[in-house]
Amino acid sequence: MRTDIVSEPGDRDHPNEDFAAVALPASGQGGSLVVLDGVTPPRGEYGCRHSVAWFCSRLGGALTELSVSERHMPLAEVLSRAIARTAASHDQTCDLSHPRTPQATVILARWSAETVEYLVLSDSALLLAAPDGTVTPVLDDRLSRVPRTALSSVALTDSTLRNREGGFFTAAADPSVASRAVTGTLPRSSVHSLAALTDGATRWVEKFHEGDWTDLLSVVRKEGAAALVERVRTLESADTERTHLGRSKRHDDATVAYAEL
């Protein structure tokens, strides 16, 4: 099995808030892949003494361990238990009811000799490639369906849309959010490879329109995960008029995790 992971901060002076891991169980059968994109809070208090990077390390570690040690457990339950475990590690010191308590997008994939299971929560992307080269994106598109006017202020987004019905969901402190994730199971024979990407890497398709998902996966497979991120950085730097980036960060944390099964 071939794997390739890269995770680069958008700003070298600030911690990378993404998380990525590939785990292979001691049994030698199958494996799992985890990618998180931490949600950067606005300036000011957000109810927690811990950073988003700390939260992603805790949640990502729990997801990695549970996905391989509890292979009978559905991925939604893996996520639910990982969120509960992470919340328990700081609920005595932090206000986890705050709408901006540390949180993250989640991609979780697990494979065995028979199946490939997947879970996607919020706006990171999972790409599944079939043996014939067909690429299927697995996306949780709820955030993209929210009118841009509804996202005009942090206060409005947090009070009416964030982790609310009719809005969008992220992994924060409520284990029940796991039931909102996009999940599925495929025969192992139908998946040749997969790639998980945070939105700092999917910019190549979604903001700069350099190609489609098949083209993006081809870059990762042929040139490597780091090559895709390098291409994104070049495009970001060249977009001096913000024709493509608009109000988005100039550079965002970018993570790509690729596995050939």
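The structure reproduced in this document is the subject of the present report. Just so it is clear, the structure is predicted and the values come from calculations on it, not from any experiment.

About the criteria used
- Residues numbered from 1 in each chain as written.
- Predicted model: local features only at pLDDT ≥ 70, side-chain atom pairs only at ≥ 80, totals over all residues.
- Heavy atoms only, no water.
- Core = buried A, V, L, I, M, F, W, Y, C linked by side-chain atoms within 4.5 Å.
- Buried < 20%, exposed > 50% of the residue type's maximum accessible area, 1.4 Å probe, protein only.
- Helix = DSSP H or I, 4+ residues; strand = E, 2+ residues; numbered from the N terminus.
- Contact = heavy atoms within 4.5 Å.
- Axes fitted to C-alpha atoms, helices over the stretch in contact; angles between N-to-C directions.
- Parallel < 35°, antiparallel > 145°, perpendicular 65-115°, else oblique.
- Left-handed = near helix turned anticlockwise from the far one by under 90°.
- Nonpolar A, V, L, I, M, F, W, Y, C, P; charged D, E, K, R; others polar.
- Salt bridge = Lys/Arg side-chain N within 4 Å of Asp/Glu carboxyl O.

A word on the nonpolar core
Okay, so step 1: Residues Leu 36, Leu 59, Leu 63, Leu 79, Val 106 and Leu 121 are the most contacted members of the largest nonpolar core, which totals 28 residues.
Okay, so step 2: For this core, the leading source of residues is helix H1 (residues 52-69), giving eight residues.
Okay, so step 3: When near neighbours in sequence (up to four residues on either side) are disregarded, Leu 121 contacts Leu 79, Thr 105, Val 106, Asp 140, Arg 142, Phe 169, Thr 170, Ala 171, Val 177, Arg 180 and Ala 181.
Okay, so step 4: Counting 25 residues, the second-largest nonpolar core is a separate cluster that includes Val 6, Val 205, Val 219 and Leu 235.

A few points about the packing of helix H4 (residues 199-206) against helix H6 (residues 225-238)
Okay, so step 1: At a minimum axis separation of 9 Å, H4 and H6 run at an interaxial angle of 70°. For the element pair H4 / H6, the angle class is roughly perpendicular. The two elements H4 and H6 cross, and the hand of that crossing is left-handed. Contacts from Gly 200, Ala 201, Arg 203 and Trp 204 of H4 reach H6 at Leu 228, Arg 231, Val 232, Leu 235 and Glu 236.
Okay, so step 2: A breakdown of the residues in the contact of H4 with H6 according to their chemical character gives five nonpolar, one polar and three charged.

Thoughts on the pattern of salt bridges
Pairing between side chains of opposite charge can happen when the charged atoms of each approach one another.
Okay, so step 1: Scanning the model with the defined rule gives 14 salt bridges in all.
Okay, so step 2: With a closest N to O distance of 3.2 Å, Arg 2 and Glu 260 form a salt bridge. Separated by 258 residues along the polypeptide, Arg 2 in strand S1 (residues 2-8) and Glu 260 in strand S10 (residues 254-260) bring together distant segments of the chain.
Okay, so step 3: Between Arg 100 and Asp 158 there is a salt bridge, with its nearest N and O atoms 3.0 Å apart. A residue pair is termed long-range when its members are at least 10 positions apart, and Arg 100 in the loop between helix H2 (75-88) and strand S4 (104-111) and Asp 158 in helix H3 (residues 154-160) qualify at 58 residues. Take Arg 100 and Asp 158: they sit in the same class, and that class is buried.
Okay, so step 4: Salt bridges linked by common partners bring Arg 100, Asp 158 and Arg 162 together as one network.

Geometric descriptors of this kind do not, in isolation, establish any biological role.
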